[in-house]
Each structure stands twice: as C-alpha cells, then as structure tokens.
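The primary structure of each chain is shown beneath.
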Amino acid sequence: MSLTRPNDPIELFCEVRKRSSLKRAWDHVRPRALQSRDPDTKRERAAIEADTLLYIGRLQKDIGPEGFRFDAQKGVLKRRAGKTPRPIVVSPLRNRIVQRAILDVCQSNSRRICRLLGELPKRLATRTSVGGLPERGVSYAVRLIKEAIDGGATHYVRSDLKNFFANLPKQPLHAFLDAEVSDRSFVALFKKALEVELSNREDEDVRQWWSLFPTTEVGVPQGSALSAISANIVLSDFDEQLNSGTVTTIRYLDDFVILGPSEATVASAWTRAETILAGLGLEAHQPGQSNKAAKGTVAQGFEFLSFRVQGRTIAPSRKAKDELSNDVALTIRDAKKSILASAEPRRAQHRFIQTMELVDRKIRGWGDAFQETTQRVEFTQLDDRLGKQIDAFIGWFLSVQKGRSSSEQRRMWGVALLRDAPPPGDDGLGSIPSALSSR
C-alpha cells in the first residue's frame, strides 16, 4: 500500500531522496565508516567508494512511493564491568545514509523546509538542550552553566536517566510528528527508520539480553542518527517546564543539571522533573543512591559532562584526565607491537610516525573539547604526565632500531617500501559484494 494519499504534500520526502541530499548524508556517514572495524561495514564502504555516484543513484531509486526498505541491523552488546551490557544497534551503511538524510531535513535552515516541519524547528531551538544538535555540545553546556552561576545559582542537582535510549517512549514522538508534519510519507519514513530488526537475533548473547533492545513501542536504536533528535523531541516539554523563573536546567540528551538560587528552589524543580519523567515512563538516578546523581552547593562543586565545576572555576574531571592518559598509553602499547612486527615484508602501516600523528590528534581533540577550562594549570600538569609517556616511547623506539637494516628501520618509522605494496587485487577486504546491484 502506498504511503501517500491524494493531494498529500511530499516535499520533505522528496528532499530526502534528492541525490544531493543522499550524497551530503554519505559525506557525514563516511568518516565513522572509515574508522569502523566491522567487516560488513568495511566491505560496504569499499563498494560505495568504488562508484559513489552510481551507488547514490541506486539508493535514490530504492526510496520510492512505497517508502524505503531498511536492511536488518546487527545487535552488539558493549560489555561494562559490573553493569548491564549497553545494547548498540549497528546498521548497514545504506540505512545510515537515509537516516542521516532524514536528520538533515529535520535540522535544515531552509525557510521553506522549516515551514513544512511545524513546531519541530522551535522544539530543536530550545536553548538549554545541547546534545545532538548543530553548533551545540559540551562547551555550549559549560557556557550555560557559567551563565547560570553568574546569574545567582548557588545550588544544584545533577542526574541522568536510567537506560534512556532503551526506555524512550515512541508514542509521544509519533504523536508529535503526526500533529506537526503534514508530509505523511516523510513521517512514515522517519518512523520506519527507528524500527529495529536484528539479523543476529538468534545469537546466544543477543537472545539473553533481548529485552535491552528497542521494541515497537519503546526504545530507539542507540547509534542511529535519529536517536538524539527523537530524544530531544520527547523531552522538549521537560526542557520548557524546567527552565522557568529562577531555575536553569541544562540537558545533554539523558544527562541534566538543575541550577537555582536556593536549596528549596532546586528541590522543587527536582520534584517537578521526576513527575514529568514518570509521565513518559522514564526515571532519573537519585542523588545519594547512585554515583550518577548528586546535589549540593555550587561552591562545593559538581561534575557534569566530564567537567568539574566549583564556583566559577571550570576544570576537566579527574576521570577525563585519566582517560586521555590511558588512551595515549594504549595507543603507544599497540604501536610497540606493530613496530616490532615491521621487519616482516608488508606495507608500512601504523608505526612510529603514524603513532605520533595519532597521539597528536588525540591530544589536540581533547584540548579542543575542554577549551572552556578556566583552571589552565590543569593542562600544564597533564602535559607533563603525557610528556613522560611520549619521551619513554621515543627512547624505546630508538633503542629497538639499533642493529636493524635500513629497510627494517624504514618500516619501523612507518615510511613505506614500494616492494611491500600488495599484489594486484589484494586490498585486504576480500571480495566486495555487489552493493551496486538493483535490490
């Protein structure tokens, strides 16, 4: 049965299936696809890059009057020590491209498109909602916290929502889309993009933890381009009601902090938050009962989004600093294994040069993420800590080079030898499926 009705406007749906929209969506999806270790993702990426324009053209044809048939996804359980596994839904790239194209339409700055989206642009423009939105993020959240403190906030409650993406209700999301967006085909495509059909549902681990994955009524796939916008739509009333009078509530998806001028004001807002969340079937961690929640005075300080806020002082949390140091240490450890294996006749890969470049990118990225830090001595101290790791790595590298031939040393540095290039047809990906063929 067709998704359209007579005289239904389908401008948004048509916007999704434009070649330019799908190509732009692929440009967003591609960087993460390049980093993926999943063999299916690697093969599909290779097929797309073999002829991107042809692939996009085929994908455009697949988005027809009957909608789009999303391929089955793969359920992955991310293990966490002492905790319930986190359910991740890994979608084929063709799904991700269409999902991203839908998101781009929802976040469009075009006046023509915004008029067709009803109240959605207004909901997404909520100032204190900072997660999964263009030009907003952690730094923006920290600035809002500073602003609230400068405005007289002295007390806080911070928390996050339990099993948020798995428990997010779909009914209010669907109701909002049905009420605000007149393009029925676009709404149907959006809803379909959030459905989860696992190709590996019979795997023992997936069957054991099946209840963690989204269902028809509840939950959105964590990892989907549409998960964050779905969360922001469902919680938009929460954002509005928790930002009135002297109270400021900053929310980054499922993490939030309530700031106010007194303990009583913040306590009242917390009670209101619990009531709103309960109406959605959601629950926040309780201060004093979980390390994911706390309350007290701004002067005593609190942690939020990997920052430590104490009065007007902003610094990275200890956990954030430890994670960067551990990440660099792990990168160096893996590099040592790769470097010692470099005597084998293979094409130069992650060796010394590439490792130093990777470490540099990690440090630069971390510094950019924590640019709102006011306690800059924290950076100097962490630089000293990282410097010792890097100096030790350099010393180790110079020592293991001794006695090696020129070719071996070159491989260890990470400078390719032409004779190590793979033979014809061997790209390390195996056979490439015919992703370009008609479906």
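Because the structure is predicted, anything quoted here is derived from the model rather than measured. (Residues numbered from 1 in each chain as written. Predicted model: local features only at pLDDT ≥ 70, side-chain atom pairs only at ≥ 80, totals over all residues. Heavy atoms only, no water.)

Attention now goes to the overall build of the chain. Secondary structure assignment for the chain yields 19 helices and nine strands. Principal-axis analysis of the C-alpha atoms places the extent of the chain at approximately 70 × 60 × 45 Å. Across the 439 residues in the chain, those meeting the buried criterion constitute 45%. Long-range contacts, defined here as pairs at least 24 residues apart, represent 72% of the contacts in the chain between residues at least 6 apart. Summed over all atoms, the accessible surface of the chain reaches about 22700 Å², with 49% contributed by carbon and sulfur. Within the chain, the 54 negative side-chain charges are centred at a point lying 3 Å from the centre of the 68 positive side-chain charges. (Helix = DSSP H or I, 4+ residues; strand = E, 2+ residues; numbered from the N terminus. Buried < 20%, exposed > 50% of the residue type's maximum accessible area, 1.4 Å probe, protein only. Contact = heavy atoms within 4.5 Å. Areas by Shrake-Rupley, 256 points an atom, 1.4 Å probe, with all protein chains shown as cover. Lys, Arg positive; Asp, Glu negative; His and termini not counted. Charge placed at Lys NZ, Arg CZ, Asp CG, Glu CD.)

Quick look at the packing of helix α5 (residues 93-106) against helix α11 (residues 184-193) now. Between α5 and α11, the least distance of the axes is 10 Å, while the angle of their chain directions is 130 degrees. With respect to α11, the axis of α5 lies oblique. With respect to the hand of their crossing, α5 and α11 are arranged in left-handed fashion. Counted together, Gln99, Ile102, Val105 and Cys106 of α5 and Phe186, Leu189, Phe190 and Ala193 of α11 form the full contact between these two elements. Partitioning the contact of α5 with α11 into residue classes produces seven nonpolar, one polar and no charged. (Axes fitted to C-alpha atoms, helices over the stretch in contact; angles between N-to-C directions. Parallel < 35°, antiparallel > 145°, perpendicular 65-115°, else oblique. Left-handed = near helix turned anticlockwise from the far one by under 90°. Nonpolar A, V, L, I, M, F, W, Y, C, P; charged D, E, K, R; others polar.)

What follows deals with the sheet that holds strand β5 (residues 255-260). If you trace the four strands from one edge of the open sheet to the other, you get β4-β5-β3-β6, paired in antiparallel fashion. The sheet is open, and its two borders are formed by β4 (248-252) and β6 (294-297), each paired with just one other strand. Neighbour to neighbour, the strand axes of the sheet diverge by 15 degrees on average, direction disregarded. As judged from the four bridges shared by strand β3 (residues 155-160) and β6, these two strands associate in the antiparallel manner. Opposite Tyr156, over in β6, you have Gly296 as the bridge partner. Against the sheet, helix α8 (residues 138-150) engages β4 and β5, with an angle of about 170 degrees to β4. (Pairing = 2+ DSSP bridges.)

What follows concerns the sheet that holds strand β8 (residues 307-310). The three strands lie next to each other as β7-β8-β9, forming an open sheet whose pairing is antiparallel. The open sheet terminates on both sides in strands that have one partner only, identified here as β7 (302-304) and β9 (313-316). Direction aside, the axes of adjacent strands within the sheet are offset by 30 degrees on average. Where β7 meets β8, three bridges bridge the pair, whose relative direction is antiparallel. Note on β8: the bridge partner recorded for Phe302 is Val309.

So, on to the packing of aromatic side chains. Aromatic ring pairs are described here by two measures, namely the spacing of the ring centres and the angle between the planes. Under the criterion given, the structure shown has 14 aromatic pairs. Look at Trp210 and Phe213: their rings are 6.4 Å apart centre to centre, the planes differ by 40 degrees, and that puts the pair in the tilted class. A relative accessible area of 33% places Trp210 in the partly exposed class. (Phe/Tyr/Trp six-rings, centres within 6.5 Å; stacked < 30°, edge-to-face > 60°.)

Within the element layout of this structure, Glu372 appears in the loop between α17 (352-369) and α18 (377-401). There is a polar contact of 3.3 Å between the side chain of Glu372 and the side chain of Lys146. Excluding residues within four positions of it along the chain, Glu372 makes contact with Ser139, Val142, Arg143, Lys146, Phe307 and Ile314. (Polar contact = N/O pair within 3.5 Å; in protein donor to acceptor, adjacent residues only side chain to side chain.)

Our next topic: the environment of Asp205. Here Asp205 lies in helix α12 (residues 204-208). Judged by relative accessible area, which is 37%, Asp205 ranks as partly exposed. With 72 residues separating them along the chain, Asp205 and Leu133 place their C-alpha atoms 33 Å apart. Apart from residues no more than four positions distant in its own chain, Asp205 is found in contact with Leu77 and Arg79. Side chain to side chain, Asp205 and Arg79 meet in a polar contact 3.0 Å long.

Along an α-helix, a turn takes 3.6 residues, which lines up residues three or four apart on a common side. The buried count for α11 comes to seven of ten residues, which makes it a mostly enclosed element. Those residues of α11 that sit buried are Arg184, Ser185, Phe186, Val187, Leu189, Phe190 and Ala193. Buried-residue contacts for α11 involve α1 (11-16), α5, α10 (171-180) and α13 (227-234). For α11, the N-terminal cap is Asp183; the gap from its side-chain oxygen to the backbone nitrogen of Ser185 is 3.1 Å.

With that settled, the discussion passes to the layout of surface pockets. Taken as a whole, the second largest pocket encloses approximately 450 Å³ of empty space. As for the second largest pocket, its lining consists of 16 residues, and the residues nearest its centre are Arg37, Thr331, Asp334, His350 and Leu358. In terms of residue class, the lining of the second largest pocket is built from four nonpolar, six polar and six charged. (1 Å grid on protein atoms, 1.4 Å probe; cavity = no way out; pocket = protein on both sides within 12 Å on 5 of 7 lines; lining within 4 Å. Points joined across faces, edges and corners; volume = space filled by probe spheres on them.)

Turning to a nonpolar patch on the surface, a few remarks are in order. A surface patch of nonpolar side chains, about 330 Å² in accessible area, is lined by Ile353, Leu398, Trp413 and Val415. In this structure, Val415 sits in the segment after α19 (406-413). Note on Val415: relative accessible area 38%, which makes it partly exposed. (Patch = residues over 30% accessible without salt bridge, like charges linked within 9 Å, V, L, I, M, F, W, Y side chains within 5 Å. Salt bridge = Lys/Arg side-chain N within 4 Å of Asp/Glu carboxyl O.)

With the rule as written, the count across this model stands at zero disulfides. Here Cys14 is not cross-linked by a disulfide; its sulfur's nearest cysteine counterpart is in Cys106, at 15 Å. Free cysteine: Cys106, not disulfide-bonded; nearest cysteine sulfur from Cys114 at 10 Å. Judged by relative accessible area, Cys106 falls into the buried class, the value being 2%. (Disulfide = S-S within 2.5 Å.)

Before going further, it helps to examine the pattern of salt bridges. Going through the model one piece at a time under the given rule, you end up with 31 salt bridges. Its salt-bridge partner being Arg45, residue Glu49 comes within 3.2 Å of it at the nearest N-O pair. Here Glu49 pairs with Arg45, and both are found in helix α3 (residues 39-50), just four residues apart, close to one helical turn. For Arg45, a relative accessible area of 15% gives the class buried. A salt bridge links Asp360 to Arg364; its shortest N-O distance comes to 2.8 Å.

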